[in-house]
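Take a look at the letters that make up each chain.
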Amino acid sequence: MLKRLFLIGFGVLIVGGIGFGVYAYKSPLPPITASERPEFSPEVIEKGRLLAAAGYCSECHTAENGAPYAGNYAMETGFGTIYASNLTPAMETGIGGYSVEAFRRAMKQGVDIDGRHLFPAFPYDHFTKMTDEDVAALYAYIMSEIAPVELETKEAEIPFPLNQRFLQAGWKMLFVDFGEYEGEQAQTAEWNRGAYLAEGVAHCGACHTPRNPLGAEIESQQYSGATINGWTAPALTSENAAQVPWTAPDFAAYLKTGVSTYHGISAGPMGPVVHDGIRALPDDDINALSLYFAEISGGDAADPATSETVLASLERGRPNPLYRRELGERLYATACASCHYNAAQIEAGRPDLGINSATNLDTSDNLVHVILDGVNGPEGIAGVVMPGFRGALTEADIAAIAAYLRDERAGKPAWPDLVETVSRLSETNAHSE
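Q: Help me understand the layout of surface pockets in this model?
A: Gaps between atoms show up when a probe of the same size as a water molecule is rolled over them. Size it by volume and the second largest pocket reaches roughly 640 Å³. Considering the residues around the second largest pocket, the lining is formed by 22 residues, among which Asp-125, Lys-129, Asp-177, Glu-199 and Glu-219 are closest to the centre. The set of elements that each furnish at least two residues to the lining of the second largest pocket consists of α5 (124-127), α7 (168-175) and α8 (189-199). Residues of the lining of the second largest pocket, tallied by class, amount to eight nonpolar, five polar and nine charged.

If you want it as structure tokens, here you go:
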């Protein structure tokens, strides 16, 4: 009897293994020569440029100080380091030999021209929602406007057996819902356009949605916030820590300029996403994205300038003529208040730190990052910079300022281990310079 059960079980495993092998196998596609590429109209190429910006493709496919789209940008995952592929039209080491069909399969199925499954660090689980027309436009832009660079992509540093690409077929079977975006009939065309962009090419959930132990986004917690590269990607739902709800105009201003008057600036990983990416979209698309996220976050159309929260924070922010002796307030008054002081209204580019998102998050990382290294270059709002205080204040001073803002301005419970957080981020950032 036991022998029979063993044989049945063994047979099931054999059949299952064969079935999985058939499912996982993807045949290679024939490469093409440069002369075999189709001709593309300027309109299609321009459309592809905008889609590449919306997907901030260059951000992940360009290594530090490397040629655009030439790959080898290191992505740290919970399973090891994966290096972004060479996305230039180089014939030997890039995607120059890809036909539009091969490019479409890579984008929408996560399978390269040789039939190898791509690691899900490449967000094909989002790109599958794109239309074939949009994928073809993206292909046209890359093949027409990106300079070919012959550069070999580094091998992923992932331990065995996770580095076996055929296993990704099982991951896809479990976690990927292949197919183009299907609009919500109950929603407007503008809302559906925003959803299509956010869930597809812009893959917003890749950073703003927490992941399960196998690295897949947790669908039931879409946009509820996650940690990326030592920063907090805040929730885009009603769980957002902001004291002032995000409205559609707030989202639109943030995506166009990198700053929201009532929430803060696009610092850290979000800076390039806005300034080198999404802001290139036409206003109609940015407004559609903003409408979509405003509904998800539960923001209404009320003017935040008149809200009790804003008025109360402005009142708390007025300098106390007696100047309490606490170190944090004294340091804030001397180092920060001259730029962050607002009177009757809040001015864009001069954040009110009592309601600023960084001050209200559950972790102090984002606020400490900005105090240490400031805001400049492609971050924040054009023409406005904030100096970093890494060399001007001690770690204890920075912790004191952060503690003051959290307690007195935001009125939130103290962050635990604040001094240790400042020390950790100060050391990490120093090593990355």
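There is more to say, and it comes next.
Q: Explain the nonpolar core here, please?
A: A general trend in soluble globular proteins is that nonpolar side chains are found buried together. Membership of the largest hydrophobic core comes to 61 residues, with the highest contact counts inside it found for Tyr-98, Phe-103, Met-107, Ile-142, Leu-289 and Phe-293. Secondary structure elements with two or more residues in this core: α2 (42-54), α4 (100-109), α5, α6 (132-145), α8, α10 (248-257), α11 (270-275) and α12 (283-297). A per-element tally of this core places α6 first, with eight residues. Discounting residues that sit within four places of it in the chain, Tyr-98 has contacts with Ile-32, Phe-103, Ala-106, Asp-112, Ile-113, Tyr-139 and Met-143. Counting residues in hydrophobic clusters, the runner-up holds 23 residues, among them Val-368, Leu-393, Ile-401 and Tyr-404.

Q: How should I be thinking about empty space enclosed by the protein in this particular structure?
A: Applying the stated criterion across every chain yields a total of one cavity of 30 Å³ or more. Its volume calculated, the largest cavity comes out at about 60 Å³. What lines the largest cavity is simply Ser-313, Leu-314, Gly-317, Tyr-332, Ala-337, His-340, Tyr-341, Asn-342, Asp-352 and Arg-409. Broken down by secondary-structure element, the contributors of at least two residues to the lining of the largest cavity are α13 (308-317) and α15 (337-340). Tallying contributions element by element places α13 first for the lining of the largest cavity, with three residues.

Q: Can you help me understand the packing of aromatic side chains in this one?
A: Think of a pair of aromatic rings as described by two things: how far the centres are apart, and how the planes are tilted against each other in angle. According to the stated counting rule, one finds 13 aromatic pairs in the structure shown. Both rings, one in Tyr-223 and one in Tyr-292, keep their centres 6.3 Å apart while their planes meet at 80°; by these two values the pair is edge-to-face. One end of the pair, Tyr-223, is in the loop between α9 (205-208) and β3 (226-228); the other, Tyr-292, is in helix α12, and 69 residues separate them in sequence. The residues Tyr-223 and Tyr-292 share a single accessibility class, namely buried. Taken together through their ring pairs, the aromatic side chains of Trp-191, Tyr-223, Trp-246, Phe-251, Tyr-254, Tyr-292 and Phe-293 make up a single cluster. The ring of Tyr-124 carries Lys-172 above its face, with NZ or CZ at 5.0 Å from the centroid.

Q: Even after reading the chapter, I still don't get α4, so can you show me in this structure?
A: Given 3.6 residues per turn, any residue in an α-helix points the same way as the ones three and four places further on. Across the 10 residues that make up α4, a large majority, seven, are buried. Just downstream of α4, Gly-110 is the residue with a positive phi angle, here 70°.

What counts and what doesn't
- Residues numbered from 1 in each chain as written.
- Predicted model: local features only at pLDDT ≥ 70, side-chain atom pairs only at ≥ 80, totals over all residues.
- Heavy atoms only, no water.
- 1 Å grid on protein atoms, 1.4 Å probe; cavity = no way out; pocket = protein on both sides within 12 Å on 5 of 7 lines; lining within 4 Å.
- Points joined across faces, edges and corners; volume = space filled by probe spheres on them.
- Helix = DSSP H or I, 4+ residues; strand = E, 2+ residues; numbered from the N terminus.
- Nonpolar A, V, L, I, M, F, W, Y, C, P; charged D, E, K, R; others polar.
- Core = buried A, V, L, I, M, F, W, Y, C linked by side-chain atoms within 4.5 Å.
- Buried < 20%, exposed > 50% of the residue type's maximum accessible area, 1.4 Å probe, protein only.
- Contact = heavy atoms within 4.5 Å.
- Phe/Tyr/Trp six-rings, centres within 6.5 Å; stacked < 30°, edge-to-face > 60°.
- Lys NZ or Arg CZ within 6 Å of the ring centre and 35° of its normal.

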